[in-house]
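# Structural features, examined
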Amino acid sequence: QFWRFSGGRSMKLVDVRDTEVDEPVPDKFTRRDASQMWSPHCQNDAWLPIDQVFLRVLQLPQCDPEELHEMVELQVEKNSPMPVSQAVWTYDVAPSVGERLDGQQTVVLIIADEVLVEDQVAQLEEIGYRPDRLEVPVLNQIFSTAKEEGGVDGAWIYVRILSGHPVCLVAWWSGGILRNINVTHLSSDSNLNELTEHLTASAWSAEMEGWLPVS
């Protein structure tokens with residue numbers, strides 16, 4: 001699916017189209033002149049599949065932004081489900097509800113297989129789309145939860161249908177802080193008992209780790 005936005009600081013969605021996997025993207029929609037190259041509003045973005053990206057929530061000490069990369073890098077090896085030499089990674093700082101008084105900050109570590117990323121980029125380039133940035137589509141939705149006026153604590157579920165099957169990304173909040181993100185695959189949209197079992201197991205694990213109050 002191809003989405004096109006236009007505008008300056010106030011962006012507007014001007015086109016949404018469903019395309020075939022190998023259908024070329026018209027060059028006029030992705031071409032930029034020199035004045036636009038440095039503008040974040042003129043980037044070509046693409047999404048990585050949420051079921052093939054690993055998200056790890058880290059609680060790290062507050063630090064200067066330039067020190068954070070090195071701090072996260074020290075966490076990659078023990079949090080990566082694959083050898084670091086085969087992975088690519090980045091991170092994003094998650095918001096919290098209210099001011100934190102514990103001197104910590106929440107960082108979401110994003111890890112993907114290097115081959116997967118290269119394949120995704122190659123497929124996009126074959127149809128004339130050269131991405132400037134790859135993103136995990138649901139991450140901004142998760143972060144926006146911190147702006148909710150009501151209570152945010154609990155499990156927030158984001159559902160996608162991939163290859164005909166529901167994939168549920170579950171973000172856990174406790175004390176106004178993002179604590180955990182995990183993904184579960186359901187065999188069908190009628191087997192919600194599988195999701196219940198996953199949530200129950202996650203809650204037990206959270207209680208053992210100490211960040212979810214014992215019910």
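Look a little higher up for the structure.
What comes next concerns the included structure.

### Quick look at a nonpolar patch on the surface
Taken together, the side chains of Trp3, Phe5, Met11, Leu13, Val16 and Trp47 make up a nonpolar region of the molecular surface, amounting to roughly 600 Å² of accessible area. Counting only elements with at least two residues in the nonpolar patch, the list comes to strand S1 (2–6) and strand S2 (12–17). Looking at the element boundaries, Trp3 is found in strand S1.

### Things to note about helix H3 (residues 114–126)
Under the 1.5 Å per step criterion, the end-to-end length of H3 is 18 Å for 13 residues, consistent within 8% with the ideal 18 Å. For H3, the set of buried residues is Leu116, Val117 and Gln120. For H3, the buried positions fall inside an angular range of 100° around the axis, keeping them on one side. Those residues of H3 hidden inside the fold are in contact with strand S3 (45–47), strand S5 (87–94), strand S6 (104–113) and strand S7 (133–135). Downstream of H3 by one or two residues, Gly128 has phi in the positive range, about 90°.

### Re the pattern of salt bridges
Per the counting criterion, the structure on display carries five salt bridges. Across the salt bridge formed by Arg4 and Asp15, the nearest N and O atoms sit 4.0 Å from each other. Of this pair, Arg4 sits in strand S1 while Asp15 is found in strand S2, placing the two residues 11 residues apart along the sequence. According to the relative accessible area criterion, Arg4 is partly exposed, its value standing at 26%. A salt bridge links Arg17 to Asp15; its shortest N-O distance comes to 2.9 Å.

### A few points about the sheet that holds S6
Here we have three strands laid out as an open sheet, ordered S4-S6-S5, and antiparallel in their pairing. In this open sheet, the two strands that pair with only one neighbour each are strand S4 (53–61) and S5. Going from strand to strand, the sheet's axes swing by 25° on average, the running direction of each strand aside. Here S5 runs beside S6; their pairing, made up of eight bridges, is antiparallel. Bridged to Val88 within S6 is Ala112.

Rules used throughout
- Residues numbered from 1 in each chain as written.
- Predicted model: local features only at pLDDT ≥ 70, side-chain atom pairs only at ≥ 80, totals over all residues.
- Heavy atoms only, no water.
- Patch = residues over 30% accessible without salt bridge, like charges linked within 9 Å, V, L, I, M, F, W, Y side chains within 5 Å.
- Areas by Shrake-Rupley, 256 points an atom, 1.4 Å probe, with all protein chains shown as cover.
- Salt bridge = Lys/Arg side-chain N within 4 Å of Asp/Glu carboxyl O.
- Helix = DSSP H or I, 4+ residues; strand = E, 2+ residues; numbered from the N terminus.
- Expected span 1.5 Å × (residues − 1).
- Buried < 20%, exposed > 50% of the residue type's maximum accessible area, 1.4 Å probe, protein only.
- Arc of directions from axis to C-beta.
- Contact = heavy atoms within 4.5 Å.
- Pairing = 2+ DSSP bridges.
- Axes fitted to C-alpha atoms, helices over the stretch in contact; angles between N-to-C directions.

On their own, these measurements won't tell you what the molecule is for.
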